[in-house]
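Listed below, chain by chain, are the residues.
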Amino acid sequence: MLSSTYTTLTNHLESDFVESYRLNTEYDGNCSSYNEYLPGNATENWTVGEVVGRGNYTVVRRHVQEGTGRVRAVKTIEKIEYPFHAREFNIMAILSKSEHRSLFVELLGWFENKDRLFIAMEYFEQGDLRKHLDKPLAEEVVQKITKQVLNGLQVMHGNNIAYRCIKPEVKLGDFGISKHVHGDTALWSQVYTECYAAPEVLDLDPNGENLVYTNAVDIWALRCVVYELLTAEKLFGSLIQIMGHCYTGTFPEQKLSKLTTPTSDAVKSFIRRLVVLNSTGRPSAAEAAGDIWLEYVRDCPELSCFNVPLTEIRGPWDDQRYSPKPPN
């Protein structure tokens, strides 16, 4: 059974939150199966499955409960190699509040040993959006996804949290490089994903005097993702292309010509609003959620982010009648 002695790495966390989610297991990150001990002397048997994701200092595996087939994703974090695990946990604590929980990947619990921290999370059978981008997605589906992400960002930004890594591979639940800004603390670190990085993160903002940025970097990245979902192509294929856009100050209009959706003018306008070089000119998550392109997409407080059923993910060639209509 798990010893309770390994608590030093969580000393920056709210103790009530830590203990309420602690799981008592024998898992050490190496075994192929393990027991989890529940209150009342009950025991669950879990089998460790395949790797479903990797990061620089983390690996995520699929775990299946024997007998019921219940599945969860378990992230393994090497404590020595990744010193920011407490920050990731603090963000989870904030976003796990009951009024926010359904907007993000669900935290199921955590456990640890001397060297590793394990975070059990909701498992997505169909994976992330990248696995479905062999062709453009229908505009109606992209609108729903965009609204859901913006709903999640409203909560994060309202709590002074910048996600900093929005891309098709990520769900709003992997907070490894997210940052909670306190008081006068600024965002300085050059944390980004190539092709989705905002100019100010790359120190390319022509109006910026130093490498300080805000949660407006998430709005820039979302714009890139929206374009990619609609066209199955990246808006900026490399950092060089982003640099060219920043130094010339001209938007790549030829890229927008590939948007031939039923409301192409509205979505082009939406993307242009989010692509403003000066971060202070970009809309907030709440303002973007109120854009005319998303006018008839309902807010989704009861839904998990990226939870559009995959049966709805189709190309415009699959159904010529999918143009968005006002709700009855």
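The structure this text deals with has already been given above.
The present account deals with the structure reproduced in this document. (Residues numbered from 1 in each chain as written. Predicted model: local features only at pLDDT ≥ 70, side-chain atom pairs only at ≥ 80, totals over all residues. Heavy atoms only, no water.)

## Thoughts on the overall build of the chain
Right, on to step 1. Along its length, the chain carries 8 helices and 9 strands.
Right, on to step 2. Within the chain, the proportion of its 328 residues that are buried is 51%.
Right, on to step 3. For the chain, contacts bridging at least 24 residues in sequence account for 63% of all contacts bridging at least 6.
Right, on to step 4. Surface accessibility of the chain: about 15,700 Å² in total, with carbon and sulfur atoms responsible for 48%. (Helix = DSSP H or I, 4+ residues; strand = E, 2+ residues; numbered from the N terminus. Buried < 20%, exposed > 50% of the residue type's maximum accessible area, 1.4 Å probe, protein only. Contact = heavy atoms within 4.5 Å. Areas by Shrake-Rupley, 256 points an atom, 1.4 Å probe, with all protein chains shown as cover.)

## A few points about helix α4 (residues 216-231)
Each turn of an α-helix holds 3.6 residues, which means side chains three or four residues apart point in the same direction.
Right, on to step 1. Its 16 residues place the ends of α4 24 Å apart at the C-alpha level, agreeing with the 22 Å of an ideal helix rising 1.5 Å per residue.
Right, on to step 2. Among the 16 residues that make up α4, 16 are buried, leaving the element largely enclosed by the rest of the structure.
Right, on to step 3. The positive-phi residue at the C-terminal boundary of α4 is Ala 232, with phi of around 65 degrees. (Expected span 1.5 Å × (residues − 1).)

## Here we look at the pattern of salt bridges
Right, on to step 1. One pass over the full model with this rule turns up 8 salt bridges.
Right, on to step 2. Across the salt bridge formed by Arg 116 and Glu 78, the nearest N and O atoms sit 2.9 Å from each other. In this pair, Arg 116 sits in strand β7 (residues 116-121) while Glu 78 sits in strand β5 (residues 71-78), placing the two residues 38 residues apart along the sequence.
Right, on to step 3. Residue Glu 112 is joined to Lys 79 by a salt bridge in which the shortest nitrogen-to-oxygen separation is 3.0 Å. With Glu 112 in strand β6 (residues 107-112) and Lys 79 in the loop between β5 and α2 (85-95), this pair connects stretches of sequence that are 33 residues apart. (Salt bridge = Lys/Arg side-chain N within 4 Å of Asp/Glu carboxyl O.)

## Considering the nonpolar core
Right, on to step 1. Leu 150, Phe 270 and Ile 271 are the most contacted members of the largest nonpolar core, which has 56 residues in total.
Right, on to step 2. The greatest single-element share of this core, amounting to 11 residues, is contributed by α4.
Right, on to step 3. Inspection of this core shows a minimum of three residues originating in each of domain 1 (16-122) and domain 2 (129-294).
Right, on to step 4. When sequence neighbours within four positions are dropped, the list of residues in contact with Phe 270 reads Thr 146, Leu 150, Val 226, Ala 288, Asp 291, Trp 293 and Leu 294.
Right, on to step 5. Listed in part, the 11 residues of the second largest apolar core include Tyr 21, Ile 77, Phe 89 and Ile 119. (Core = buried A, V, L, I, M, F, W, Y, C linked by side-chain atoms within 4.5 Å. Domains from an automatic or database assignment.)

Purely geometric stuff here, so don't read any function into it on its own.
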